[in-house]
Amino acid sequence: MSQDQIFVLASGSPRRVELLEQAGASPDRLLPTNVDETPLKSEHPRSLARRLSRVKAETGWEHLRDSDAHHNAFVLAADTVVSVGRLCLPKPDLLDEASQCLRLLSGRNHKVHTGLCLITPKGKIRQRVVESRVRFKRLTSEEMKAYLATGEWRDKAGGYAIQGLAGTFVVRLVGSYSNVVGLPIYETVSLLGGEGYNVHARWPRVTA
């Protein structure tokens, strides 16, 4: 990897940072973005994830435009959408919103879409959307009340974090686990590598 290459994550999510570190691809810089995540009228969850990831990547790219890093930066953004049917669930800040999410997810299948958008140093835009399917057990009132009391749901897509206590609710998962956490690792590394970013250059090496 050229020493000039810079990897920028257009997000402040600690979960995404941890997943990238796990893959040996720690970002050089974080550029949290603040965009309106309200779905458009009749917008499909997959389309929403794709659109928002692109908006976030382009917003991050614009922040770099006046810096020297702009010419060497790979800017990656992601957005995760949890849906029941065509209904996109929020990232709740309020208890009532989180409670409604749990009631919708209880005993049902739902989908998790994560949109990925990468902008290369030459300004090329590459996108992917990854889908996972998850089924929750039927939750009792006591389980819902206990989970809501933890506050773990706050600002999580669909009102839960699979890597946390809500993992005990999952009966079945089809697809990428890391996608449900917030960043599909295999697809992310493939996207970066396909555009010339050498993820392996930062992997630790054992000297003989």
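From a predicted model like this one, the values you see are computed outputs, not experimental measurements. (Residues numbered from 1 in each chain as written. Predicted model: local features only at pLDDT ≥ 70, side-chain atom pairs only at ≥ 80, totals over all residues. Heavy atoms only, no water.)

(A) Structural detail: the environment of Val-181. Here Val-181 is to be found in helix H5 (residues 177-181). On the basis of relative accessibility, which here comes to 13%, the residue Val-181 falls in the buried class. Separated by 35 residues in sequence, Val-181 and Ala-146 place their C-alpha atoms 21 Å apart. Excluding its chain neighbours within four sequence positions, the residues that come into contact with Val-181 are Arg-15, Leu-19, Ile-162 and Gln-163. (Helix = DSSP H or I, 4+ residues; strand = E, 2+ residues; numbered from the N terminus. Buried < 20%, exposed > 50% of the residue type's maximum accessible area, 1.4 Å probe, protein only. Contact = heavy atoms within 4.5 Å.)

(B) Fine view of the nonpolar core. Core analysis: the largest hydrophobic core is formed by 41 residues, its most contacted members being Phe-7, Val-82, Leu-105, Phe-136, Tyr-147 and Tyr-160. Broken down by element, the residue count for this core peaks at five residues, all from strand S3 (residues 73-84). Once residues within four sequence positions are removed from consideration, Phe-7 is found in contact with Leu-20, Ala-25, Ser-26, Pro-27, Asp-28, Arg-29, Phe-74, Leu-76, Leu-192 and Tyr-197. Ranked by size, the runner-up nonpolar core spans 11 residues in total, among them Val-8, Leu-31, Ala-57 and Trp-61. (Core = buried A, V, L, I, M, F, W, Y, C linked by side-chain atoms within 4.5 Å.)

(C) Spatial organisation of a negative patch on the surface. Among the surface-exposed residues, Asp-93, Asp-96, Glu-97 and Asp-155 lie close enough to one another that they form a single negatively charged patch. Relative to the assigned elements, Glu-97 resides in helix H3 (residues 95-105). (Patch = residues over 30% accessible without salt bridge, like charges linked within 9 Å, V, L, I, M, F, W, Y side chains within 5 Å. Areas by Shrake-Rupley, 256 points an atom, 1.4 Å probe, with all protein chains shown as cover. Salt bridge = Lys/Arg side-chain N within 4 Å of Asp/Glu carboxyl O. Lys, Arg positive; Asp, Glu negative; His and termini not counted. Charge placed at Lys NZ, Arg CZ, Asp CG, Glu CD.)

(D) Geometry of the state of the cysteines. This structure, assessed with the given rule, holds zero disulfides. Looking at Cys-88, it has no disulfide partner, and the nearest cysteine sulfur is the one in Cys-101, 11 Å off. Of all cysteine sulfurs, the one in Cys-88 lies closest to Cys-117, which takes part in no disulfide; the gap is 18 Å. (Disulfide = S-S within 2.5 Å.)

(E) Quick look at the packing of H3 against helix H4 (residues 141-150). Axis separation between H3 and H4 bottoms out at 10 Å; the angle between their running directions is 140°. It follows from the interaxial angle that H3 and H4 lie oblique. Between H3 and H4 lies a crossing of right-handed hand. Contacts between H3 and H4 pair Leu-95, Ala-98, Ser-99, Leu-102 and Arg-103 from the former with Met-144, Tyr-147 and Leu-148 from the latter. Looking at the contact of H3 with H4, its residues break down into six nonpolar, one polar and one charged. (Axes fitted to C-alpha atoms, helices over the stretch in contact; angles between N-to-C directions. Parallel < 35°, antiparallel > 145°, perpendicular 65-115°, else oblique. Left-handed = near helix turned anticlockwise from the far one by under 90°. Nonpolar A, V, L, I, M, F, W, Y, C, P; charged D, E, K, R; others polar.)

(F) Representation of unusual backbone geometry. Although it is not a glycine, Ser-42 adopts a positive phi angle of roughly 65°. Take Ser-42: it is sitting in the loop between strand S2 (29-30) and helix H2 (45-64). The phi dihedral of Asp-155 is positive, around 60°, even though this residue is not glycine. By relative accessible area, which is 45% here, Asp-155 ends up partly exposed.

(G) The pattern of salt bridges, seen in detail. In this structure the tally under the stated criterion is 11 salt bridges. One continuous salt-bridge network, built from bridges that share partners, spans Glu-37, Lys-56, Asp-79 and Lys-91.

(H) Geometry of the environment of Leu-48. Looking at the secondary structure, you find Leu-48 in helix H2. With 11 residues separating them in the primary sequence, Leu-48 and Glu-37 have C-alpha atoms 8.4 Å apart. The contacts of Leu-48, once residues within four sequence positions are left out, are Glu-37, Pro-39, Glu-43, Val-81 and Cys-88.

(I) Looking closely at the environment of Ser-47. As for its placement among the helices and strands, Ser-47 is situated in helix H2. Linking Ser-47 and Glu-187, residues 140 residues apart in sequence, is a C-alpha distance of 18 Å.

(J) Examining the packing of aromatic side chains more closely. Enumeration over the complete set of coordinates arrives at five aromatic pairs. Considering the side-chain rings of Phe-136 and Phe-169, the 5.8 Å spacing of their centres and the 65° angle between planes classify their relative orientation as edge-to-face. With Phe-136 in strand S6 (residues 125-136) and Phe-169 in the loop between H4 and strand S7 (170-174), this residue pair connects regions lying 33 residues apart in the sequence. For the pair Tyr-147 and Phe-169, a centre-to-centre distance of 5.6 Å together with 70° between the ring planes defines the contact as edge-to-face. Remark: Phe-169 occurs in the loop between H4 and S7 and Tyr-147 occurs in helix H4; sequence separation between them is 22 residues. Judged by its relative accessible area of 2%, Tyr-147 is buried. Here the aromatic residues Phe-136, Tyr-147, Tyr-160 and Phe-169 are joined through ring pairs into a cluster of three or more. (Phe/Tyr/Trp six-rings, centres within 6.5 Å; stacked < 30°, edge-to-face > 60°.)

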